[in-house]
Amino acid sequence: MSRSRIVTPGRTARAETSGARRALVLFVVVCLLGLTLAMPVRTYLSQQSQENQLAADHSRLVADINKLEAQKNLQSDPDYVKEQARLRLLYVMPGETPYRVQTPQAPAPTREEVQAQVARQSPWYTNVWRSIAVPH
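Scoring rules and cut-offs
- Residues numbered from 1 in each chain as written.
- Predicted model: local features only at pLDDT ≥ 70, side-chain atom pairs only at ≥ 80, totals over all residues.
- Heavy atoms only, no water.
- Helix = DSSP H or I, 4+ residues; strand = E, 2+ residues; numbered from the N terminus.
- Polar contact = N/O pair within 3.5 Å; in protein donor to acceptor, adjacent residues only side chain to side chain.
- Contact = heavy atoms within 4.5 Å.
- Salt bridge = Lys/Arg side-chain N within 4 Å of Asp/Glu carboxyl O.
- Buried < 20%, exposed > 50% of the residue type's maximum accessible area, 1.4 Å probe, protein only.
- pLDDT = per-residue confidence, 0-100.

A. Quick look at the side chain of S122. Here S122 is to be found in the loop between α3 (111-121) and α4 (124-133). There is a polar contact of 2.7 Å between the side chain of S122 and the backbone oxygen of V118. When neighbours within four sequence positions are excluded, S122 is seen to be in contact with N127 and R130.

Okay, structure coming up:
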């Protein structure tokens, strides 16, 4: 004997309400789970970014150390020290005759060059005011 169910209109509405409640509870649980995981994920990503930046700084500092050690080794070479004494301090070895060549001075800048230099150094609003105030 099979029993057939008789569905009444009140029972269908209750089933739909129950499904809506389940969906709402599921939505709230998913939101809470998302909010719970948001802060740790944000912290993790922040720390990853900081770790990458520190690794880049470390590699730059190692490169600087290597460059400074190479310069230190170079400065302990007597030939390099002699060359630098000649170039920077104008030293000469015994028996050598030093010559100093003087080049002529650069020509004085023209009025237009001076004005262009002043315009480059002035703020933009000064240049605008000068173009309005000074007739050409």
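B. Molecular detail of the pattern of salt bridges. Within this structure, the stated rule accounts for 3 salt bridges. A salt bridge links D64 to R60; the nearest nitrogen and oxygen atoms lie 3.8 Å apart. On the criterion of helical spacing, the pair formed by D64 and R60 is a turn pair, its members being 4 residues apart in helix α1 (residues 9-75). Among the ionic pairs, E96 bridges to R86, the shortest N-O distance being 2.8 Å. In this pair, E96 is assigned in the loop between α2 (78-89) and α3 and R86 in helix α2, connecting sequence segments 10 residues apart. A relative accessible area of 36% places E96 in the partly exposed class. Classification of R86 by relative accessible area gives partly exposed; the value is 36%. Residues joined by salt bridges that share partners form a network here, namely D57, R60 and D64.

C. Quick peek at the confidence of the model for the chain. When pLDDT is averaged along the chain, the result is 85; 88% of the residues meet or exceed 70. For the chain, the element scoring lowest by mean pLDDT is α4, at 80; α2 scores highest, at 90.

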